[in-house]
Amino acid sequence: MKNLGILLSGRGSNFEAIAANVASVKIADARIAVVISNRTDAGGIQTAKRLGIETLVIPSKGKEREDHDREVVTALQQHQVDLICLAGYMRLLSPWFVKQFPHKILNIHPSLLPAFPGLEAQQQAFAYGVKVAGCTVHFVDEELDHGAIIVQKSVPVLENDDEHTLAARILEQEHTAYSEAINLVLNREYRIVGRRFLS
Ligand code: GAR
């Protein structure tokens, strides 16, 4: 049984999709050991409580990045986490944090990386006028939205889309992409050649 640790800062819909897939064993042989938020007001924390999953709020405000990261890493270690899933965790991890868990941290980003890293990726893509948008699940390395790509899903941009309708269709794909990626990493043999994830 593998222990997942979820880090989030907000609504938590990706976390909820992962939790549903763990419960229905679409993600096999795993449990969510802890959900950690850096924000007291994160909706995802309420959802986790409702689902009976252990939660922790470790506020980041006013702390040096690495000091906060040390608290989070200690909590993850106490919960014997095997894989960490960033699910709308709107904080850059320090290089120190990343080094503690080599190839054990995943992130989801709402664009087809390497296009549109950073904040409001869906809006960036819409404003740029791309015809195909999407989402990416990737390993976290020391650079923003950068590590080896595990799963990508594309989403066509429609004539009558606005940035909200587009973001909603991307989010639907995020909810399946993340669980697919978790299954690949936990339950399949894989290797990484250069930047290429092969399973
Ligand atoms: C998701 O769209 C996720 O891809 C994005 O934040 C949203 C969180 O939604 N993450 C990033 O932009 C990270 N760079 P959720 O809280 O409902 O899962």
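All of the points below concern the structure found in this document.

Procedures and definitions
- Residues numbered from 1 in each chain as written.
- Predicted model: local features only at pLDDT ≥ 70, side-chain atom pairs only at ≥ 80, totals over all residues.
- Heavy atoms only, no water.
- Buried < 20%, exposed > 50% of the residue type's maximum accessible area, 1.4 Å probe, protein only.
- Helix = DSSP H or I, 4+ residues; strand = E, 2+ residues; numbered from the N terminus.
- Pairing = 2+ DSSP bridges.
- Right-handed = clockwise from strand over helix to strand, strands pointing away.
- Contact = heavy atoms within 4.5 Å.
- Phe/Tyr/Trp six-rings, centres within 6.5 Å; stacked < 30°, edge-to-face > 60°.
- Near = heavy atom within 4 Å.
- Polar contact = N/O pair within 3.5 Å; in protein donor to acceptor, adjacent residues only side chain to side chain.
- Areas by Shrake-Rupley, 256 points an atom, 1.4 Å probe, with all protein chains shown as cover.
- 1 Å grid on protein atoms, 1.4 Å probe; cavity = no way out; pocket = protein on both sides within 12 Å on 5 of 7 lines; lining within 4 Å.
- Sits in = over half its atoms within 2 Å of the grid points.
- Nonpolar A, V, L, I, M, F, W, Y, C, P; charged D, E, K, R; others polar.
- Axes fitted to C-alpha atoms, helices over the stretch in contact; angles between N-to-C directions.
- Parallel < 35°, antiparallel > 145°, perpendicular 65-115°, else oblique.
- Left-handed = near helix turned anticlockwise from the far one by under 90°.

## A short note on the pairing of strand β1 (residues 2–8)
As a general feature of sheets, a regular strand has side chains that alternate between the two faces. Of all 7 residues that make up β1, 6 are buried, and the element is covered over most of its length. With 7 bridges joining them, β1 and strand β2 (residues 30–37) adopt parallel strand pairing. Paired with Ile6 across the strands is Val35, a residue of β2. Handedness of the β-α-β unit built from β1, helix α1 (residues 13–23) and β2 comes out right-handed.

## Concerning α1
By the criterion of burial, α1 is predominantly enclosed, with 8 of the 11 residues buried. Among the residues making up α1, those that are buried are Ser13, Asn14, Phe15, Ala17, Ile18, Ala19, Asn21 and Val22. Looking at the buried side of α1, the elements it contacts are β1, β2, α2 (43–50), β5 (105–109) and α6 (163–187). The positive-phi residue at the C-terminal boundary of α1 is Val25, with phi of around 60 degrees.

## Re the packing of aromatic side chains
Counted according to the given criterion, the structure contains 5 aromatic pairs. Between Phe139 and Tyr190, the aromatic rings sit 5.9 Å apart at their centres with planes inclined by 35 degrees, giving tilted as the arrangement. In this pair, Phe139 is assigned in strand β6 (residues 132–139) and Tyr190 in the loop between α6 and β8 (191–193), connecting sequence segments 51 residues apart. A relative accessible area of 27% places Tyr190 in the partly exposed class. Following the ring pairs from residue to residue traces out a cluster consisting of Phe139, Tyr190 and Phe197.

## Regarding the site of the ligand
Around the ligand, a shell composed of 13 residues is seen, among which Arg11, Gly12, Ser13, Asn14 and Glu174 lie nearest. Measuring from an oxygen atom of the ligand, one finds a backbone N or O atom of Gly12 at 2.7 Å. Between the ligand and Asn14 there is a distance of 2.9 Å, counted from an oxygen atom to a backbone nitrogen or oxygen. In the complex, 89% of the free accessible area of the ligand, which totals 450 Å², lies under the protein chains. Most atoms of the ligand, that is more than half of them, are within 2 Å of grid points of the largest pocket. Only α1, β5 and α6 provide two or more residues apiece to the shell around the ligand. For the shell around the ligand, the residue count by class is 4 nonpolar, 6 polar and 3 charged.

## Some words on the packing of helix α5 (residues 121–128) against α6
Working note: a packed helix pair is described by the angle between its axes plus the distance between those axes. Packing of α5 against α6 brings their axes to within 9 Å, and their N-to-C directions diverge by 125 degrees. Put simply, α5 runs oblique to α6. As for how α5 packs across α6, the hand of that crossing is right-handed. Counted together, Gln122, Gln123 and Phe126 of α5 and Glu163, Leu166, Ala167 and Ile170 of α6 form the full contact between these two elements. Within the contact of α5 with α6, the residues separate by chemical class into 4 nonpolar, 2 polar and 1 charged.

## Observations concerning the environment of Gln173
Position of Gln173 relative to the elements: it lies in helix α6. Of the residues examined, Gln173 reaches a relative accessible area of 26% and is grouped as partly exposed. Counting along the chain gives 111 residues from Gln173 to Gly62, while the straight-line C-alpha distance between them is 35 Å. Contacts of Gln173, omitting those with residues within four sequence positions, involve Cys135, Lys153 and Val155.

## Things to note about the side chain of Ser94
Inspection of the secondary structure assignment puts Ser94 in the loop between β4 (83–86) and α4 (95–100). For Ser94, the residues in contact, after removing those within four places along its chain, are Arg65, Glu66 and Asp69.

## Observations regarding unusual backbone geometry
A cis amide bond, omega 15 degrees, links Leu113 with the succeeding residue Pro114. Locating Pro114 in the fold gives a position in the loop between β5 and α5. With phi around 50 degrees, Gln80 is a residue other than glycine that occupies positive phi space. Among the secondary structure elements, Gln80 is positioned in the loop between α3 (65–78) and β4. With phi around 50 degrees, Asp145 is a residue other than glycine that occupies positive phi space. Locating Asp145 in the fold gives a position in the loop between β6 and β7 (149–156). Judged by relative accessible area, Asp145 falls into the buried class, the value being 14%.

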